[in-house]
Amino acid sequence: MLLQRTIKQAVSTTGVGLHSGRRVEITLRPAEPNTGIVFHRVDLPEIVDLPARADAVGDTRMASVLQQGSVRVSTVEHLMSALAGLGVDNLHVDLDAEEVPIMDGSAGTFVYLLRSAGLLEQNAPKRFLRVLKPVEVREGEGPAAKWARLEPHDGFALSFSIDFRHPAIDSTANAAEIDFAKDSYVKTIARARTFGFASEVEALRSMGLARGGSLDNAIVMDEYRVLNADGLRYDDEFVKHKILDAIGDLYLAGKPLVARYVACKSGHALNNQLVRALLARQDCWELVSYESRDTAPAAFTRDWQLA
């Protein structure tokens, strides 16, 4: 049977929040079966727990933000993406500030931390959310339309297209398709960094966003080119980062999806709407477990050390 996973031991690191600019310490701790992913604000007079669920997302401006009353945990998508990529079901995440640290702008550091802690299979069946009927959300019309869709698929695959109309982005692949039956999350997705435009920095900072952004944790572009001295990590790094984000946003469904995700110009807001729309339509999904690796989709049978 495919079993749930947590980590073997606690592991910590420090970094800076991309939007808040504040220093933050993050500790990942093992969790019991069926706990799910739970964030904890440990810097408050009383610790506040925020389960990683789509219905707990209260803000999607430039990040996915979990919210409970006035308490927030921002920018959860890169860590959630790493957890989905390595198949981690149960984890406690302690934070001493309101934002998950951005690290290098990708999920790579979180993959390293999780591997350093070691993954542990637990004595409980892993439960998947299998999509039975297509579900789609859209925004806008014509060429400006943005949309995202989940459809039945025996595994987990994602197809994404972007259109930023910027010379540096247009010179790279604007579409990518990943099928985890054959593609490695760690090799093909995890190191893709977030990106932004130098011309937008002041406007974003006036909104309380991007205060911690730099060339060390994002791909930054002027009107024509990438400003990072080391260039791009992948020829299609821009669209691959959008896939990385989508994987993290989709994992807020609370279970790994057995589905194909297809999207055009989608972002955190549409991804969250899509997961909520799916969960609201109970005829469109079912919970399943797999009795053996032989009966499970190949996308979920890869050893976590080779993910």
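Here's a quick rundown of the structure. Numbering of residues begins from 1 in every chain and follows the order in which that chain's sequence is written. Side-chain atom pairs in this predicted model are given and counted only at pLDDT of 80 or more, local residue features only at pLDDT of at least 70, and totals for whole chains, interfaces and linings cover all residues. Hydrogens and water are ignored here; the side-chain numbers use all heavy atoms of the structure.

## Side note on the overall build of the protein chain
For clarity, the cut-off: Think of it this way: any DSSP run of H or I at least four residues long counts as a helix, any run of E at least two long counts as a strand, and we number them from the N terminus. In this setup the radius of gyration rests on C-alpha atoms only. A globule is expected at 2.2 Å times the number of residues raised to 0.38. Using a 1.4 Å probe on the protein chains alone, a residue whose accessible area is under 20% of its type maximum counts as buried, one over 50% counts as exposed, and one in between counts as partly exposed. Residues count as neighbours in contact if any of their non-hydrogen atoms are within 4.5 Å of one another. In this description, accessible areas are obtained by the Shrake-Rupley approach with a 1.4 Å probe, and a residue is regarded as covered only by the protein chains that are shown. For this count, His and the chain ends are skipped, Lys and Arg are scored as positive, and Asp and Glu as negative. Think of each charge as sitting on NZ of Lys, CZ of Arg, CG of Asp or CD of Glu.
When helices and strands are tallied, the protein chain shows 7 helices and 19 strands. By the compact-globule yardstick of 19 Å for 307 residues, the protein chain fits well, its C-alpha radius of gyration being 18 Å. Projected onto its principal axes, the C-alpha coordinates of the protein chain cover approximately 55 × 50 × 35 Å. Relative to its 307 residues, the protein chain shows a buried fraction of 55%. Pairs at least 24 apart in sequence give 74% of the contacts found in the protein chain among residues at least 6 apart. As displayed, the protein chain offers around 13,300 Å² of accessible surface, 48% of which is attributable to carbon and sulfur atoms. Where the 35 positive side-chain charges of the protein chain centre and where its 41 negative ones centre are 1 Å apart.

## Overview of the side chain of Ser-184
Our working definition: Under this definition, polar contacts are N or O atom pairs within 3.5 Å; protein pairs additionally need one hydrogen-donor-capable and one acceptor-capable atom, and for neighbouring residues in sequence, both atoms have to be side-chain atoms.
Tracing the sequence through the fold places Ser-184 in the loop between strand E15 (175-179) and helix H4 (185-188). At 3.3 Å, the side chain of Ser-184 and the backbone nitrogen of Val-186 are in polar contact.

## What to know about the environment of Ile-7
For Ile-7, the position within the fold is in strand E1 (residues 3-7). Separated by 22 residues in the primary sequence, Ile-7 and Arg-29 place their C-alpha atoms 7.0 Å from one another. Sequence-distant contacts of Ile-7, that is, excluding residues within four places in its chain, are made with Leu-28, Arg-29, Pro-30, Leu-91, Leu-114, Ala-117, Gly-118, Leu-119 and Leu-120.

## Some thoughts on the pairing of strand E13 (residues 146-151)
Filter applied, for reference: In short, DSSP must find at least two bridges between two strands for them to pair.
One ladder, built from 5 bridges, connects strand E12 (residues 135-139) with E13; its direction is antiparallel. Paired with Glu-139 across the two strands is Lys-146, which belongs to E13. Across 5 bridges, E13 lies against strand E18 (residues 257-264) in antiparallel orientation. When the bridges of E18 are listed, Leu-150 appears paired with Tyr-261.

## A word on the sheet that holds strand E8 (residues 71-73)
Note the threshold: Axes here refer to lines fitted to C-alpha atoms; in helices the fit is confined to the stretch in contact. Angles between the N-to-C directions go from 0 to 180 degrees.
Read from one edge to the other, the open sheet built from 3 strands follows the order E6-E7-E8, with strand pairing classed as antiparallel. Strands at the two margins of the open sheet, each flanked by one partner only, are strand E6 (57-59) and E8. Across this sheet, the average inter-strand angle for adjacent strands is 45°, counted without regard to direction. With 3 bridges joining them, strand E7 (residues 65-68) and E8 adopt antiparallel strand pairing. Considered in E8, the bridge of Leu-66 is made with Val-73.

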